[in-house]
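Residues per chain are reported as follows:
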Amino acid sequence: MMSDKQLEELGVKAMGDRLRIRAFCERKSKTTVEQKKRQDAVDKLKSMLGHQRASKRSHGRESFEKKEKKMAKTAVKFQFGWKHWCTRTETFRQKKKGSGGGTRVVDIPKVASADECLGIAKELFFPLGVSPEGSQDEMDLSLGDFNGCGVTDVRVDGELLPFTAERYKAATGFTKPRLYLLSKEKLPYDSGDEKDLLRAMIPSRDASEGGNGSSQLIGTSKEREEYRNKLALEVAASLKQDQAKDAINKEIVRAQEEGAQLERLRRSRSKSESYQRRKKTEVFYLLESDTPALV
């Protein structure tokens, strides 16, 4: 605080002015001290709240990580696809993503059975019981591998065991094994043995891999190879025909576009000629009106 002499040197001569200046400075000093105390209290409270929030976040993150680790110990990643029976080729054809199929990666329990995996596949490709191919009630559905063979049993170390996700992964050796939902429209008659017929049509994995004449595949390896080659030739021929049709359609579209363009030019030229004739007629009448009549 400044003394009276210092205030007088600054030009504050009156005693009342000096008292008012001192009172103002004291109030300002008290206000500054109170504000500093209040700000310190607010900062301390913010620090305490921030520490509590950080502790909660850290605890929540640790709990989530523990759940993830526990889930990783009890689950495996599987890829699911969908194959629908094609009556023309009499084979299961894989459905692409644009047709409601594609590949779906799902975490499933290691102890999941074939029926549980089938239920997961139904939920993926038949949401609410319907699909682009029809209702779930109109289909015979089963679970199979890429060959279209059933996977109700798994062979592990030479022993045939009931299917589980962990056993199937060990049997295939893949990091993300793939399973397929096999669908086929139900037969028009109702004899009660559609499922048996589908099982007969889909050989088991053990039967398809067995030797000594126990395989249920039709024909010898040479006959199957010839059939595949014939099918490949038919597909190639069909593709060429489709390409030829596409080329013809493109030529037709191009000719139509050229015809439309020529028609537009013809109409434009016709309008221009009509306009010129009209102008000539107008000029002719103007010249006639300005020319004096001959006696």
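The structure displayed is predicted, hence computed values, not measured ones.

### Section: the pattern of salt bridges
Inspection of the entire model under this criterion finds 6 salt bridges. As a salt-bridge pair, Lys95 and Glu133 come within 2.5 Å of each other at their nearest N and O atoms. Residue Lys95 is located in the loop between strand 2 (91-94) and strand 3 (104-109), and its partner Glu133 is located in the loop between strand 4 (130-131) and strand 5 (134-135); the two are separated by 38 residues in the primary sequence. Look at Lys95 and you get buried, because its relative accessible area is 14%. Through salt bridges with shared partners, a single network forms among Glu251, Arg254 and Glu258.

### Concerning the environment of Phe78
Turning to its location among the elements, Phe78 is positioned in strand 1 (residues 75-86). A sequence separation of 99 residues divides Phe78 from Pro177, and the C-alpha atoms of the two residues are 5.2 Å apart. Look past the residues within four positions of Phe78 in its chain and what remains in contact with it is Arg104, Val105, Val106, Ile108, Ala165, Tyr168, Lys169, Pro177 and Leu179.

### Re the side chain of Gln79
As for its position among the elements, Gln79 is in strand 1. Residue Gln79 is classed as buried on the basis of its relative accessible area of 18%. In contact with Gln79, not counting residues within four places along its chain, are Thr103, Arg104, Val105, Lys176, Pro177, Arg178 and Leu179.

### Some details on the nonpolar core
Counting 25 residues, the largest nonpolar core has Phe78, Phe80, Ile108, Cys117, Phe163, Leu179 and Leu181 as its most contacted members. Every element with two or more residues in this core is listed here: strand 1, strand 3, helix 3 (114-125), strand 6 (139-144), strand 7 (153-156), helix 4 (165-172) and strand 9 (178-185). In terms of residues, this core owes the most to one element, helix 3, which gives 5 residues. Dropping the residues within four chain positions of it, Cys117 is found in contact with Phe80, Ile108, Ala112, Leu143, Phe163 and Leu179.

### With respect to the confidence of the model for the protein chain
With 74% of its residues at a pLDDT of 70 or more, the protein chain has an overall mean of 77. The least confident element of the protein chain is helix 6 (residues 205-209), whose mean pLDDT is 48; the most confident is helix 3, at 92. Segment residues 207-217 is flagged for pLDDT under 50; beyond a separation of four residues in sequence, or across chains, it makes 9 contacts in the model.

Calculation notes
- Residues numbered from 1 in each chain as written.
- Predicted model: local features only at pLDDT ≥ 70, side-chain atom pairs only at ≥ 80, totals over all residues.
- Heavy atoms only, no water.
- Salt bridge = Lys/Arg side-chain N within 4 Å of Asp/Glu carboxyl O.
- Helix = DSSP H or I, 4+ residues; strand = E, 2+ residues; numbered from the N terminus.
- Buried < 20%, exposed > 50% of the residue type's maximum accessible area, 1.4 Å probe, protein only.
- Contact = heavy atoms within 4.5 Å.
- Core = buried A, V, L, I, M, F, W, Y, C linked by side-chain atoms within 4.5 Å.
- pLDDT = per-residue confidence, 0-100.

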